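What follows is each chain in one-letter form.
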Amino acid sequence: MDIDKIKKENKELNIKEIKENRLILKSRPTKFWFNLTGACNLQCAHCLSNVTGRKSTNEVDQIIYEKVIKDLLPYAENCLLGGTNYGEMLISKNISNFLEECKKNFVKVNLTTNGVTVKDDIIPKLVEVCNVIGFSMEGMEEEYEKIRHYKWENFISNVKRIISAKEKYGQKELRLEFRFAVHCENIKQLPKLIEFSKEIGINRIQVMLLRGDVKSQKFKTLYYHRSLANEYFEKAEEKAKELNFDISLPGKFSTGTFEKAKKYKPEINTKPCYNPWNTVSIDELGNVTPCCAHYEIVGNLKEQPFYDIWNSELFQNLRKTVNTDPDECCFYCKNRILF
């Protein structure tokens, strides 16, 4: 099987079908989200699982796993592994094998991990197969430990092992980043984190707003500390510019009024979304959703062939409406601007 040829033809067909606004597709996704497990080795203070419970602690079923290998990997260019459930992918029994399958199928992996369990035998595969490894974290030292209940020194030791492997194996294109959930008690560490990241060899910091899903964490969110947020976002911008460091920051907060802001209706056609044509998300239970943001389950791989789900009525409807008359989930999706 000529994987390069299959991928090239699939991508060309996918682009053609997008341009023609096709509702039923012959092409397959060029990118997909996947979760190998629902289990995690941490119990973080801010995790929504503390409120809702875990959807599962299951390993991905073999039937689902084999369908992903057969029906997606030969066609896809990228897999976003983890980050769309409460699971930690590096503790999955399938992680090593899945990385090997991605390597065989020339699929690059964007991994989200808490960095707690990093076994020696997996590190060479990670730095070879991944194009991005993102370490989830909430501050440095004591601030990190208050949320994660794990030693900061041990976390950083694992991060440094991967940085060393990146250098050892000459993987210059691999991007290592901290995915930093910011709140009122850790935001002052942001300039220091930029300096620390630059020093140890982290390439980027993606700053995200801590969600207030857990009652004890609610008033830590920066919606209640807007001036503080804006002050340290500016300091972070200055420090990143000074060190020529890559950082992604949320937008500045409005501080002029406490009145409820009116919803702004963006011009849909200026920020088109192509996710319904080229992406899909699959969890460890086999549930298929259109992307990382859309909540509606389209089908289940244990019960249906992938191609039937991919061209189901819901997917066809999304392709028909996402850029003309989208539902609320799509209309206000913050990820629209990324695709």
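The preceding data block contains the structure.
Bear in mind that the values here come from a model prediction, so they are computed numbers and not experimental data.

A. Inspection of the overall build of the protein chain at higher detail. When helices and strands are counted, the protein chain shows 13 helices and ten strands. For a compact globule of 339 residues, the expected C-alpha radius of gyration is about 20 Å, and the protein chain comes in at 21 Å, within 12% of that figure. Its C-alpha atoms give the protein chain principal-axis dimensions of roughly 50 × 50 × 40 Å. Across the 339 residues that make up the protein chain, the buried fraction comes to 51%. Expressed as a percentage of contacts within the protein chain between residues at least 6 apart in sequence, the contacts between residues at least 24 apart total 72%. Accessible area of the protein chain: about 17400 Å², with a carbon and sulfur share of 49%. Counting 53 positive and 47 negative side-chain charges, the protein chain places the centres of these two groups 2 Å from one another.

B. Representation of the nonpolar core within the structure. Core analysis: the largest hydrophobic core is formed by 89 residues, its most contacted members being Phe32, Phe34, Leu81, Phe98, Phe155 and Phe178. Considering each element in turn, this core owes the most residues, seven residues, to helix α7 (residues 152–168). Discounting residues that sit within four places of it in the chain, Phe32 has contacts with Val68, Leu72, Leu73, Ala76, Asn78, Cys79, Leu80, Phe98 and Val280.

C. Representation of the side chain of Asn230 in the model. Take Asn230: it is sitting in helix α9 (residues 226–243). Once residues lying within four places of it in the same chain are set aside, the contact partners of Asn230 are Lys252, Phe253 and Thr255.

D. Seen up close, the packing of helix α3 (residues 62–71) against helix α4 (residues 95–104). One can describe the packing of α3 onto α4 by two numbers: an axis separation of 11 Å at closest approach and a directional angle of 15 degrees. Between α3 and α4, the angle is such that the two are roughly parallel. Both α3 and α4 take part in a crossing whose hand is right-handed. On α4, the residues touching Tyr65, Val68 and Ile69 of α3 are Asn97, Phe98 and Glu101. Class assignment of the residues belonging to the contact of α3 with α4 gives a composition of four nonpolar, one polar and one charged.

E. Structural detail: the packing of aromatic side chains. Per the stated rule, a full pass over the model turns up 14 aromatic pairs. Among the aromatic side chains, those forming a connected cluster through ring pairs are Phe135, Tyr144, Trp152, Phe155, Phe178 and Phe196. Lying across the ring of Tyr75, Arg28 places its NZ or CZ 5.0 Å from the centre. Here the guanidinium or amino end of Arg319 rests over the ring plane of Trp310, the centre of that ring lying 4.6 Å away.

How each quantity is defined
- Residues numbered from 1 in each chain as written.
- Predicted model: local features only at pLDDT ≥ 70, side-chain atom pairs only at ≥ 80, totals over all residues.
- Heavy atoms only, no water.
- Helix = DSSP H or I, 4+ residues; strand = E, 2+ residues; numbered from the N terminus.
- Rg over C-alpha atoms; globule rule 2.2 N^0.38 Å.
- Buried < 20%, exposed > 50% of the residue type's maximum accessible area, 1.4 Å probe, protein only.
- Contact = heavy atoms within 4.5 Å.
- Areas by Shrake-Rupley, 256 points an atom, 1.4 Å probe, with all protein chains shown as cover.
- Lys, Arg positive; Asp, Glu negative; His and termini not counted.
- Charge placed at Lys NZ, Arg CZ, Asp CG, Glu CD.
- Core = buried A, V, L, I, M, F, W, Y, C linked by side-chain atoms within 4.5 Å.
- Axes fitted to C-alpha atoms, helices over the stretch in contact; angles between N-to-C directions.
- Parallel < 35°, antiparallel > 145°, perpendicular 65-115°, else oblique.
- Left-handed = near helix turned anticlockwise from the far one by under 90°.
- Nonpolar A, V, L, I, M, F, W, Y, C, P; charged D, E, K, R; others polar.
- Phe/Tyr/Trp six-rings, centres within 6.5 Å; stacked < 30°, edge-to-face > 60°.
- Lys NZ or Arg CZ within 6 Å of the ring centre and 35° of its normal.

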